[in-house]
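# Summary of structural features
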Amino acid sequence: MTKYELLNLLDDVEVQEKILRIIKEPEIFSESVKTLEEIPAPIVDDEKFSRLELEKNSALQRAATAERQLSDLRSDNFQLEN
């Protein structure tokens, strides 16, 4: 959801009523609100992370190779034109 979609929701009467209830009666909603310390850290699959890192590094190497090839082709093209 974009911030613009979220801002548009503020025009919704039901959303406005819910916000007012939260402001007027915070004790009702405070139990469901968690602090950052209470939110569990995401589970990281080390094997998947390692595989993604390898794929990323490989893609970066291919991109660098393609950039060098493009530069060489531009140089060759410049020399041919002159």
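Below, the structure is looked at part by part. The structure displayed is predicted, hence computed values, not measured ones.

## What to know about the overall build of the protein
- Counting its regular elements, the protein contains 4 helices and 0 strands.
- The secondary structure elements of the protein, listed N-terminal to C-terminal, are α-α-α-α.
- For the protein, the proportion of its 82 residues judged to be buried stands at 1%.

## Looking at a negative patch on the surface
- On the surface, Asp 11, Asp 12, Glu 14 and Glu 17 cluster together to form a negatively charged patch.
- The topology assignment puts Asp 12 in the loop between helix 1 (3-9) and helix 2 (13-24).
- Taking the relative accessible area as the measure of exposure, Asp 12 reaches 33% and is therefore partly exposed.

## Quick word on a nonpolar patch on the surface
- On the surface, Tyr 4, Leu 7, Leu 10, Ile 19, Leu 20 and Ile 23 cluster together into a nonpolar patch covering about 590 Å² of accessible area.
- Listed by contribution, the elements that provide at least two residues to the nonpolar patch are helix 1 and helix 2.
- Tallying contributions element by element places helix 2 first for the nonpolar patch, with 3 residues.
- By secondary structure assignment, the location of Ile 23 is in helix 2.
- Classification of Ile 23 by relative accessible area gives exposed; the value is 59%.

About the criteria used
Residues numbered from 1 in each chain as written. Predicted model: local features only at pLDDT ≥ 70, side-chain atom pairs only at ≥ 80, totals over all residues. Heavy atoms only, no water. Helix = DSSP H or I, 4+ residues; strand = E, 2+ residues; numbered from the N terminus. Buried < 20%, exposed > 50% of the residue type's maximum accessible area, 1.4 Å probe, protein only. Patch = residues over 30% accessible without salt bridge, like charges linked within 9 Å, V, L, I, M, F, W, Y side chains within 5 Å. Areas by Shrake-Rupley, 256 points an atom, 1.4 Å probe, with all protein chains shown as cover. Salt bridge = Lys/Arg side-chain N within 4 Å of Asp/Glu carboxyl O. Lys, Arg positive; Asp, Glu negative; His and termini not counted. Charge placed at Lys NZ, Arg CZ, Asp CG, Glu CD.

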